[in-house]
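Observations on the model geometry
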Amino acid sequence: MTQPSPIVALHGLRLTRGDRTILSDVELRVAPGEIVAVLGPSGCGKSTLLAALTGELPPAAGTVEVLGQPMPSGGRALLELRRRIGVLLQGNGLLTDLSVAENVALPLRTHTDLPDVLIRRLVDMKLHAVGLRAAADAYPRELSGGMARRVALARALALDPPLMIYDEPLTGLDPIASGVVMSLVRRLNDTLGLTSIVVTHHVHETLPIADRALVIANGGIVFAGTPAELERSDDAFVQQFLRGAPDGPIAFDAAPRAAGAVA
Ligand SMILES: Nc1ncnc2c1ncn2[C@@H]1O[C@H](COP(=O)(O)OP(=O)(O)OP(=O)(O)O)[C@@H](O)[C@H]1O
């Protein structure tokens, strides 16, 4: 049986910042419909990998293909591709002077010339998808952290991107809000037919909704497999990372926060 074309394909990828190599020999294929968790201690290069997936950081070597096409190096082609990638950034980036509905409408107003009545209808659908239709007229300051994250998620979905990238989606959320956001990530992925990449420190909240996990360390991917295989791995690095132990192959100042800690 032929495999479906991957949504993301990285081959022989090397990423540098200045003259420093951050990641090398990265190989990755993400299949349609998958949720892939990208895990690793602070400073290991998770955000650097995301920057390559959005075309913000050109590779020093190797190839990046996203949504079936090589990453354009710039210009209109890159902007077009970026419109098809939904990104939920750390921090919600909501505009405080705009209502919830206006925040969600922003990408539609910026990137389309749809009539207002249709934009309002689409916004209503996106807010419904994250369970916040009733909050359409509220302002960001009136929302809890979890609600604000869900509004940011609705906004990231506004243009119906087939690929979603989440950069630390649980930062600052309590355990209940974290559970709500993670189950929403899974539900939206499945009901909207998305593919999702979730970069996170929050291993224990993320693994239950992930199909596959990657662990980044020492300048590359040190583990790739299912969450169950990750839990069973006897690799000393992986085990130290999962337990958040101070002693082991990860240097102390690079150790992740304790499981369940609120950032
Ligand atoms: N714009 C930049 N210029 C120079 N160096 C950078 C830049 N961004 C990141 N780095 C360096 O690259 C390395 C990897 O950083 P990166 O932010 O990708 O790690 P991370 O795994 O996302 O960390 P965290 O979990 O703390 O966000 C770090 O040593 C960092 O200092």
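Scroll up to find the structure this text is about.
Computed from a predicted structure; not experimentally measured. (Residues numbered from 1 in each chain as written. Predicted model: local features only at pLDDT ≥ 70, side-chain atom pairs only at ≥ 80, totals over all residues.)

Helix and strand counts for the protein chain come out as nine helices and ten strands. Taking the principal axes of its C-alpha atoms as reference, the protein chain extends roughly 55 × 45 × 40 Å. Taken across its 263 residues, the protein chain has 36% of its residues classed as buried. (Helix = DSSP H or I, 4+ residues; strand = E, 2+ residues; numbered from the N terminus. Buried ≥ 20, exposed ≤ 12 C-beta atoms within 10 Å, placed from the backbone.)

Ordered in space as β6-β7-β8-β3-β9-β10, the six strands form an open sheet in which the pairing is mixed. The two strands at the open ends of the sheet, each matched to only one other strand, are β6 (85-88) and β10 (220-225). Across this sheet, the average inter-strand angle for adjacent strands is 15 degrees, counted without regard to direction. For β6 and strand β7 (residues 163-167), the ladder comprises four bridges, and the chain directions are parallel. Within the sheet, the bridge partner assigned to Leu-88 lies in β7 and is Tyr-166. (Pairing = 2+ DSSP bridges. Axes fitted to C-alpha atoms, helices over the stretch in contact; angles between N-to-C directions.)

Overall, antiparallel pairing links the four strands, which are arranged β2-β1-β4-β5 in an open sheet. A strand with exactly one partner marks an edge of an open sheet, and here the two such strands are β2 (20-30) and β5 (69-70). As judged from the two bridges shared by strand β4 (residues 61-66) and β5, these two strands associate in the antiparallel manner. Paired with Val-66 across the two strands is Gln-69, which belongs to β5. Packing of helix α1 (residues 46-53) onto the sheet brings it into contact with β1 (8-17), β2 and β4, and relative to β1 it is tilted by some 120 degrees. (Contact = placed C-beta atoms within 7 Å.)

Judged by nonpolar contacts, the single largest core of 71 residues is most densely connected at Val-38, Val-104, Val-151, Val-185 and Val-198. In terms of residue count, helix α5 (residues 145-156) provides more of this core than any other element does, seven residues in total. The residues contacting Val-185, other than those within four sequence positions of it, are Ile-35, Tyr-166, Pro-169, Ser-196, Val-198 and Ile-209. (Core = buried A, V, L, I, M, F, W, Y, C linked by C-beta atoms within 7 Å.)

Once that is clear, we can look at the site of the ligand. In the vicinity of the ligand, the residues found are Arg-17, Gly-18, Ile-22, Gly-40, Ser-42, Gly-43, Cys-44, Gly-45, Lys-46, Ser-47 and Thr-48. Among the elements that take part in the shell around the ligand, α1 stands out by supplying three residues, more than any other. Among the residues forming the shell around the ligand, the class breakdown is two nonpolar, seven polar and two charged. (Near = placed C-beta within 6 Å. Nonpolar A, V, L, I, M, F, W, Y, C, P; charged D, E, K, R; others polar.)

Glancing now at the pairing of β7. Most of β7 is tucked away, with five of its five residues classed as buried. Pairing geometry for β7 and strand β8 (residues 195-200), over five bridges, is parallel. If you follow Met-164 over to β8, its bridge partner there is Ser-196. The handedness of the β7 to β8 crossover, carried by helix α6 (residues 175-191), is right-handed. (Right-handed = clockwise from strand over helix to strand, strands pointing away.)

It is worth spelling out α1 at this point. Helical geometry note: an α-helix holds 3.6 residues per turn, so side chains three or four residues apart project in the same direction. Every buried residue belonging to α1 is among Lys-46, Leu-49, Ala-52 and Leu-53, and all of these are buried. Seen along its axis, α1 keeps its buried residues to an arc of 120 degrees; they face one direction. Gly-55 lies just past α1 and shows a positive phi near 80 degrees. (Arc of directions from axis to C-beta.)

A positive phi is found at Asp-25, a non-glycine position, where the angle reads about 55 degrees. Structurally, Asp-25 is set in strand β2. In the Ramachandran plot, Glu-168 falls in the positive-phi region, its phi being about 50 degrees despite a non-glycine side chain. Note that Glu-168 resides in the loop between β7 and α6.

Right, let's talk about the environment of Val-64 for a bit. Along the polypeptide, Val-64 turns up in strand β4. When the C-alpha atoms of Val-64 and Arg-82 are compared, they prove to be 14 Å apart, with 18 residues separating the residues in sequence. Leaving out residues up to four positions away in the same chain, Val-64 has contacts with Leu-10, Leu-13, Ala-52, Leu-53, Pro-59 and Met-71.

This brings us to α5. With twelve residues, α5 should cover 16 Å at 1.5 Å per step; its first-to-last C-alpha distance of 16 Å lies within 8% of that length. Here α5 lies mainly inside the structure; ten of its twelve residues are buried. Regarding α5, the residues found buried are Met-147, Ala-148, Arg-149, Arg-150, Val-151, Ala-152, Leu-153, Ala-154, Arg-155 and Ala-156. The inward-facing, buried residues of α5 contact β6, α3 (100-111), α4 (116-129), β7 and α6. (Expected span 1.5 Å × (residues − 1).)

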